[in-house]
Amino acid sequence: QAKSNGRNAVCFFDPEMQAAANIRAELETDLHRAIQFNQFELYYQPQVNQQGHILGVEALIRWHHPEKGLISPLDFIPIAEETGQIQAIGLWVIEQACFQLKQWQDKIDSTFSISVNVSSKQYQNDSFVNDVVEIIQGLAIDPKQLKMELTESVLSDNVDTIIEKMWQLQELGIGFALDDFGTGFSSLSYLKKLPLNYLKIDKSFVQDLHHNTSDAAIAKTIVGLSQSMNIDVIAEGVETELQLKLLNSYGCNIYQGYLFSKPVPAEDIQFTVSELLQD
Ligand code: C2E
Ligand code: MG
Ligand code: MG
Ligand code: MG
């Protein structure tokens with residue numbers, strides 16, 4: 001069985017694997033031109049409080065491929081991370097998000113923030129902090145309006161160097177969220193080493209909250225953990241009123257999910273208070 005071989009076993013006589021390898025190679029080549037040809041777009045998804053008021057948005061990248069159509073970040077970010085293209089793409093994302101803050105200037109207040117996803121690979125680049133500072137200064141952005149979402153994978157390599165860079169950016173005012181929390185393999189003892197402002201409850205724990213008691217227990221534990229760390233907690237993937245009610249009862253007060261809005265292009269963001277929560 002070709003497929004049950006080790007991870008590194010590449011069997012080019014298996015037509016299915018050959019096809020997958022071809023698609024990957026094509027995407028990798030096309031990625032090189034994607035920035036230059038303006039094929040990336042940031043979609044934004046609101047992060048709201050109990051009153052349905054937008055506190056900020058998460059920026060989520062989309063790739064408009066000229067032949068293949070809209071490609072999910074789940075399909076090209078891993079490739080970009082492997083090839084190193086994530087460095088340029090990641091900076092494009094930060095710059096575009098800062099540019100969007102400028103564009104929205106008249107519609108938002110000083111507490112409104114955009115959260116960008118940052119790959120831990122970007123933190124391994126020595127010039128990362130400088131590059132970010134240059135973007136922020138170049139566009140005269142208040143660093144408090146920029147947040148970075150990182151996953152537990154920051155805890156894998158060069159932890160101390162990465163944490164040092166996070167501190168430098170946090171000192172400027174940039175906030176940090178630990179994304180997809182609970183899905184990684186980090187030990188809790190590492191958690192307290194990271195300069196964090198938010199934990200994000202992964203949508204996999206939110207999905208079945210109402211009938212899966214262990215998911216509910218995990219969600220409650222993450223809320224409790226954030227309270228004891230004295231930081232905020234955001235639930236992602238909130239799709240139903242029931243999930244919202246349960247999360248609220250656990251003490252989680254910031255939500256993100258299809259119940260409020262899917263990620264949408266910048267021009268479709270509604271800044272008015274959501275009517276969902278008005279009763
Ligand atoms: P993430 O950062 O955990 O983002 C949340 C994902 O959940 C997004 O998927 C979002 O569209 C989706 N989502 C939000 N609310 C709901 C909901 O109620 N139900 C369901 N089923 N899904 C919901 P998306 O946009 O496909 O992004 C996937 C992942 O790709 C992100 O997960 C993030 O890890 C990565 N990503 C996206 N943009 C960037 C980027 O600019 N840079 C990097 N490095 N990674 C990115
Ligand atoms: Mg995220
Ligand atoms: Mg997430
Ligand atoms: Mg996720």
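Quantities reported herein were computed from a predicted structural model and do not represent experimental measurements.

**Q** It is not clear to me how the packing of helix α5 (residues 128-138) against helix α6 (residues 159-172) should be interpreted in this structure. Could you clarify?
**A** Look at α5 against α6: their axes get within 10 Å of each other, and the N-to-C directions meet at 20 degrees. Put simply, α5 runs roughly parallel to α6. In terms of crossing hand, the pair formed by α5 and α6 is right-handed. For the pair formed by α5 and α6, the contact residues are Phe128, Val129, Val132 and Val133 on the first element and Lys165, Gln168, Leu169 and Leu172 on the second. Class assignment for the residues of the contact of α5 with α6 results in six nonpolar, one polar and one charged.

**Q** Whenever I open this one, the site of ligand 1 confuses me. Can you help?
**A** Around ligand 1, a shell composed of 21 residues is seen, among which Arg62, Asn117, Asp179, Glu239 and Tyr258 lie nearest. Interatomic distance of 3.0 Å between a side-chain N/O atom of glutamine 45 and a nitrogen atom of ligand 1. Contact distances for ligand 1 include 2.8 Å between an oxygen atom and a backbone N or O atom of tyrosine 258. Look at ligand 1: alone it shows 800 Å² of surface, and the protein chains cover 87% of it. Spatially, ligand 1 is embedded in the largest pocket. Of all elements in the fold, only β2 (54-65), α2 (73-83) and β6 (175-181) reach the threshold of two or more residues within the shell around ligand 1.

**Q** Which parts of the structure should I look at to understand the coordination of the magnesium ion (ligand 2)?
**A** When a metal carries six donors in an octahedron, the ideal angles between them are 90 or 180 degrees, while four donors in a tetrahedron ideally lie at 109.5 degrees. Here the magnesium ion (ligand 2) is held by Glu58 (OE), Asn117 (OD1), Glu149 (OE) and Asp179 (OD), and the distances to it run 2.0 to 2.2 Å. Sequence positions of the donors to the magnesium ion (ligand 2) reduce to the motif E-x58-N-x31-E-x29-D. In this structure, the magnesium ion (ligand 2) is positioned 3.8 Å from the magnesium ion (ligand 3), and both are ligated by aspartate 179. Placement of asparagine 117 in strand β4 (residues 113-117) and of aspartate 179 in strand β6 is noted, with a sequence separation of 62 residues between them.

**Q** When you look at unusual backbone geometry in this model, what are you seeing that I'm missing?
**A** Residues apart from glycine generally show negative phi values, whereas peptide bonds are mostly found in trans. Unlike most non-glycine residues, asparagine 38 shows phi in positive territory, near 60 degrees. Position of asparagine 38 relative to the elements: it lies in the loop between α1 (15-34) and β1 (40-48). Phi angles above zero are rare outside glycine, and alanine 140 is one such case at about 50 degrees. As for its position among the elements, alanine 140 is in the loop between α5 and β5 (146-150).

**Q** Teacher, can you tell me more about the layout of surface pockets here?
**A** Gaps left between atoms are located by rolling a probe of water-molecule size over the structure's atoms. By volume, the largest pocket amounts to about 1,200 Å³. If you go around the largest pocket, you meet 40 residues; those closest to its centre are Leu60, Pro73, Leu74, Asn117 and Asp179. Contributing elements (two or more residues each) for the lining of the largest pocket: β1, β2, α2, α3 (86-103), α4 (120-123) and β6. For the lining of the largest pocket, the class distribution of residues is 14 nonpolar, 14 polar and twelve charged.

**Q** Explanation requested: the pattern of salt bridges in the structure shown.
**A** Oppositely charged side chains can pair when the atoms bearing their charge come close. A complete count under the given rule lists eight salt bridges for this structure. In this structure, the salt-bridge partner of glutamate 149 is lysine 200, at a minimum N-O distance of 2.8 Å. Placement of the pair is glutamate 149 in strand β5 and lysine 200 in strand β7 (residues 198-201), with a sequence separation of 51 residues. Ionic pairing is found between aspartate 160 and lysine 193, a salt bridge with its closest N-O pair at 3.5 Å. Here lysine 193 lies in the loop between α7 (188-191) and β7 and aspartate 160 lies in helix α6, a separation of 33 residues in the sequence. By relative accessible area, lysine 193 is classed as partly exposed at 36%. Within the structure, one salt-bridge network assembled from shared partners comprises Arg24, Glu28 and Glu82.

Criteria and thresholds
- Residues numbered from 1 in each chain as written.
- Chains lettered and ligands numbered in written order.
- Predicted model: local features only at pLDDT ≥ 70, side-chain atom pairs only at ≥ 80, totals over all residues.
- Heavy atoms only, no water.
- Axes fitted to C-alpha atoms, helices over the stretch in contact; angles between N-to-C directions.
- Helix = DSSP H or I, 4+ residues; strand = E, 2+ residues; numbered from the N terminus.
- Parallel < 35°, antiparallel > 145°, perpendicular 65-115°, else oblique.
- Left-handed = near helix turned anticlockwise from the far one by under 90°.
- Contact = heavy atoms within 4.5 Å.
- Nonpolar A, V, L, I, M, F, W, Y, C, P; charged D, E, K, R; others polar.
- Near = heavy atom within 4 Å.
- Polar contact = N/O pair within 3.5 Å; in protein donor to acceptor, adjacent residues only side chain to side chain.
- Areas by Shrake-Rupley, 256 points an atom, 1.4 Å probe, with all protein chains shown as cover.
- 1 Å grid on protein atoms, 1.4 Å probe; cavity = no way out; pocket = protein on both sides within 12 Å on 5 of 7 lines; lining within 4 Å.
- Sits in = over half its atoms within 2 Å of the grid points.
- Donors = N, O, S within 2.8 Å, 3.2 Å for Na, K, Ca; no water.
- Points joined across faces, edges and corners; volume = space filled by probe spheres on them.
- Salt bridge = Lys/Arg side-chain N within 4 Å of Asp/Glu carboxyl O.
- Buried < 20%, exposed > 50% of the residue type's maximum accessible area, 1.4 Å probe, protein only.

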